[in-house]
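Given next are the chains, with one letter for each unit.
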Amino acid sequence: MTVSTEVRNRTAGGIGESPVRPDGTFKVTGQFAYSSDLWMDGMLWGATLRSPHPRARITSIDVGPALKLAGVSAVLTHDDVPGEKVYGLEIADQPVLAFDEVRYQGEPVVIVAADHPETARRAAALVVVDYEVVEPVTDPREAVGHPDWKPVHDEPGERTAMSRDRAPVHPHGNIVRHQRIRFGDPDAVTADVVVQGDYEVGMQDQAFLGPESGLAVPADDGGVDLYVATQWLHVDRRQMSGALALPEEKIRLTLAGVGGAFGAREDLSMQVHACMLALRTGRPVKMVYSREESFFGHVHRHPALMRYEHGADRDGRLVYVRAHILLDGGAYTSSTPAVVGNASTLGVGPYDVPNVGMDCWGVYTNNPPCGAMRGFGAVQAAFGYESQMDKLAAAVGLSPVEIRTLNAVSEGSILPTGQRIDSPAPVAELMHRLDAMPLPGSVDQDIRLLPGGVSNTTHGEGVRRGVGYAVGIKNVGFSEGFDDYSTARVRIELVGDEPSVLVHTAAVEVGQGLVTVQAQIARSELGVERVTVAAADTQVGSGGSTSASRQTYVTGGAVRAGCAAVRSSLFERAAARYGPGEFRLVAGKVESLVDGVVGDIASLLLDGPVEHTVQWRHRPTQPLDEATGRGNAHVQWAFCAHRAVVDVDVELGLIRVVELACVQDVGKAMNPDAVLGQIHGGSAQGLGLAVMEEVQVVDGKLRNPSFTDYLMPTIMDMPPMRVEVLELADPHSPYGLRGVGEPPTISSTPAIVAAVRAASGVDLKRVPIRPEHLVAAALCH
Amino acid sequence: MQLHVNGRLHELALDNRTTLLDALREHLGLTGSKKGCDHGQCGACTVLVDGRRINSCLALAVTLDGVEIRTIEGLSDDGALHPVQQAFLDRDGFQCGYCTPGQICSAVGMLDEFDQGWPSAVTTGGQPAALDAGEVRERMSGNLCRCGAYMNIVPAILDVADAAAGRSSA
């Protein structure tokens, strides 16, 4: 028997459409239950006591005063951790609760359960912890003791009186990962035109609005059920299993509503703590971080120090790139190795460069831990290499668009890792399309539309218009040999008389629209409009992480494969019923390719439901060679370009982003509305990094853990956008799709900075740009 | 004390330090109003008090004895969505949805303020005849959306304003 795998998208609500989100009505009516909304009779509230010091030795912990407070049920320290005392995504080095030493301000030391959240917080404050404060390591250059932070050119490195080797934050030293890229002959090669620059990226926070929270419920079998907002249920469970000394099957996770993620939920926060308290007290325990606590409760984007040298011929064609990238990972490993991998392999951007010498370090300091945030590694590097491309353009007399199209990678290009780009890479087309878009009108003299707005700071005297361009590259999916897969269970059955499909995965919806697109895939693949996506939980195999722009690709691929398995079973039933032939399923009907409609899908289900569970993985990738960076490390690349138009008050240092234009290739727009949403949102977060967002850390301490002091874009700050979406299919991915979520975060930041440079004439080297960067430079002129 | 919420009267004994937000969420089980910051910085807790939008995290419940409070749960009418709720759905005016109840309550209050002729900080030369994008942005700038759905929130609100004024927007 032969079966057709052809799918026609004639079933309403299938791929390529933008059906209403299945969770949409719940979200607009307030019925959607986020992790902070959960409630259970008899539940207790958890609270966390955190270290006030970036670095200190713990000499004693006295929980007695806290235990005496009425309403307190448990006060736990590291002594109460049932299993392994440390956890981590890649390297287990982060204490569940601090023992011996605290390594960052805000590190959890003691947890409390009480009958009221205020009681729990007051009890935590009564715990007496004696610390012996130690001078923290806060400068990543000092952390590595400068052994490799050598200049890429012939000037001496920046050593100050403060520079010295510091005591290691961890016993094995302060370097988490050092990745070298050596491509061509980067040491010996020379070039006619050379541009150099030092660049710095500040610490950005994901600042999701729904704080870390969840509800742990002790179970009769000695295990625990946890309802939580996270990005990867199964890897949470794996880490919890070690810490709780429970087999994984006794820890059941169910995804609660996720109020944004952006990477900050990739690591554990309250998961183990709430379960420890629930298991100790035998009662449900809810934990919800406050906003201030949230700033201490998750990892941030790695701050970066970068030194780039670009060599080119007189026409502007790149000859070499040499670069050092130093990423401050803070006190614990988190995702730092992967961030280093991305920053190094993508560190020259989407350009053909015959000779590359790149060194990228991720280091430990006593600053807040840094890990995953949208576009990690690629975001930091893009600010460096795109700043350099503009410098190079100026040096050879080309426009920003010309220098980028001249050097753009294309399908078939060889990256500095030696990997060949084996799918469309329309970088030059992105730039041409941006260039062809109309520009907004000249500076609007309406004071409401000037920098400073209704603060009435100018009547336009010092306001200058600037336009800037940038393009970025991002790997999609997990790289460097990671076994990246997802699992989907697909079931079709009659509900009433109507065929109905249930899709069950553990993949996490964070707002990007994954539940919508899973249903769309099932509709198109099975010809059934009635599709339900089950709540994500650990009752089905891992869906992998909602990160690396990978879920539509990988879980989408798994759902498609699950549907294909179900379809094959249905075709066997069709062959038995209608005779051998080739069939397809469209809009509730079974069609024979020869005879047209032969029956209803419903009739094939009279014999009972069909269910298949499949694992699906993308093409394998390879690790990088440590010394040269060679390796086919990535499975897919995504490209996005921005043009920013800004007005800058050069006297006051105020910036207004007037317009953002964006062109992105998404391979296949599975859900066009969701694609636009990702482009809007990613661009907004890139805007934030460019002009306002920074977790300010002084001597290892956070200075602005609130939304009054950590500024992020409001509806006033986000300008209108022009967006063009290309759909150049990747032959290796499901439906030809490309990951969408991260790329727009990458190029919007350098495009805005380029526009501000063009407006102000100031050689900006750091994001976020602060008014004083502009004004101080202007005063020096 | 008595709290009138969404047309129902609740007798409550509250600690006088309890915010309206905590009273709604923890005492009445109305968790639609969200706690994003608890400091009046994000707007996720926005509710309507006598028709006016406020940050419920900044109001003490005991000060609201007897006034009419409307939350996101009280906007829809027997299952029919409020026009602003429908517009947010139609325009995909959210992603994670955490800020959405506050955005919607804020928009409902804002549209009423506009109808009553309240100027905004960007209003010049008397009240404009119709809301435009600039007015919407200014008037909604107290509600953060970290997913960056602003681009769809503005047309969602304009749809409602235009429909109410008998115009159709693009």
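Structure shown above.
The structure displayed is predicted, hence computed values, not measured ones. (Residues numbered from 1 in each chain as written. Chains lettered and ligands numbered in written order. Predicted model: local features only at pLDDT ≥ 70, side-chain atom pairs only at ≥ 80, totals over all residues. Heavy atoms only, no water.)

Peer 1: Which parts of the structure should I look at to understand the sheet that holds strand β24 (residues 583–586) of chain A?
Peer 2: Sheet strands associate in pairs through backbone hydrogen bonding, adopting either a parallel or an antiparallel arrangement. Residues and elements named next belong to chain A. Ordered by their spatial adjacency, 3 strands build an open sheet running β24-β25-β26, and the pairing between neighbours is antiparallel. The open sheet is flanked by β24 and β26 (596–600), the only strands paired with a single partner. Mean inter-strand twist for the sheet, computed between neighbouring axes without regard to direction, equals 35 degrees. Of the pairings in the sheet, the one linking strand β25 (residues 589–592) to β26 comprises 4 bridges and is antiparallel in character. Paired with V590 across the bridge in β26 is G599. Against the sheet, helix α13 (residues 551–578) engages β24, β25 and β26, with an angle of about 115 degrees to β24. (Pairing = 2+ DSSP bridges. Helix = DSSP H or I, 4+ residues; strand = E, 2+ residues; numbered from the N terminus. Axes fitted to C-alpha atoms, helices over the stretch in contact; angles between N-to-C directions. Contact = heavy atoms within 4.5 Å.)

Peer 1: Teacher, can you tell me more about the nonpolar core here?
Peer 2: In a soluble, globular protein the nonpolar side chains are often hidden away together inside. Y308, I325, F639, F707 and I752 of chain A together with F88 and I157 of chain B are the most contacted members of the largest nonpolar core, which has 148 residues in total. Apart from the residues lying within four places of it in its own chain, the contact partners of I752 of chain A are A644, V646, V657, L660, L687, A690 and V691 of chain A. (Core = buried A, V, L, I, M, F, W, Y, C linked by side-chain atoms within 4.5 Å. Buried < 20%, exposed > 50% of the residue type's maximum accessible area, 1.4 Å probe, protein only.)

Peer 1: How do you make sense of the packing of helix α3 (residues 100–115) of chain B against helix α5 (residues 150–164) of chain B when you look at a structure like this?
Peer 2: The relative placement of two packed helices is expressed as an angle between their axes plus a distance between the axes. All names here are of chain B. The contact between α3 and α5 brings their axes to 11 Å, and the two run at 40 degrees. Between α3 and α5, the angle falls in the class oblique. In the packing of α3 onto α5, the handedness of the crossing is right-handed. Contact residues: α3 offers Q103, A107, M110 and L111, while α5 offers I153, I157, V160 and A161. By residue class, the composition of the contact of α3 with α5 is 7 nonpolar, 1 polar and no charged. (Parallel < 35°, antiparallel > 145°, perpendicular 65-115°, else oblique. Left-handed = near helix turned anticlockwise from the far one by under 90°. Nonpolar A, V, L, I, M, F, W, Y, C, P; charged D, E, K, R; others polar.)

Peer 1: Just checking my understanding: could you explain the packing of aromatic side chains for this structure?
Peer 2: Each aromatic ring pair is described using two quantities: the centre-to-centre distance and the angle formed by the ring planes. For the structure on display, the rule yields 12 aromatic pairs over all chains. Aromatic side chains Y34 of chain A and Y98 of chain B sit 5.0 Å apart centroid to centroid with 85 degrees between the ring planes, which places their arrangement in the edge-to-face category. Here Y34 of chain A is found in the loop between α1 (24–29) and β1 (44–50), whereas its partner Y98 of chain B is found in the loop between α2 (83–90) and α3 on a different chain. Judged by its relative accessible area of 2%, Y34 of chain A is buried. Here Y351 of chain A and Y385 of chain A contribute two aromatic rings whose centre-to-centre distance is 6.3 Å and whose plane-to-plane angle is 85 degrees, an arrangement assigned as edge-to-face. Of this pair, Y351 of chain A sits in the loop between α8 (336–345) and β18 (355–363) while Y385 of chain A sits in helix α9 (residues 378–396), placing them 34 residues apart in sequence. Classification of Y351 of chain A by relative accessible area gives buried; the value is 0%. Given the relative accessible area of 0%, Y385 of chain A is considered buried. Here the guanidinium or amino end of R322 of chain A rests over the ring plane of Y320 of chain A, the centre of that ring lying 4.2 Å away. (Phe/Tyr/Trp six-rings, centres within 6.5 Å; stacked < 30°, edge-to-face > 60°. Lys NZ or Arg CZ within 6 Å of the ring centre and 35° of its normal.)

The analysis is restricted to geometry; functional conclusions fall outside its scope.
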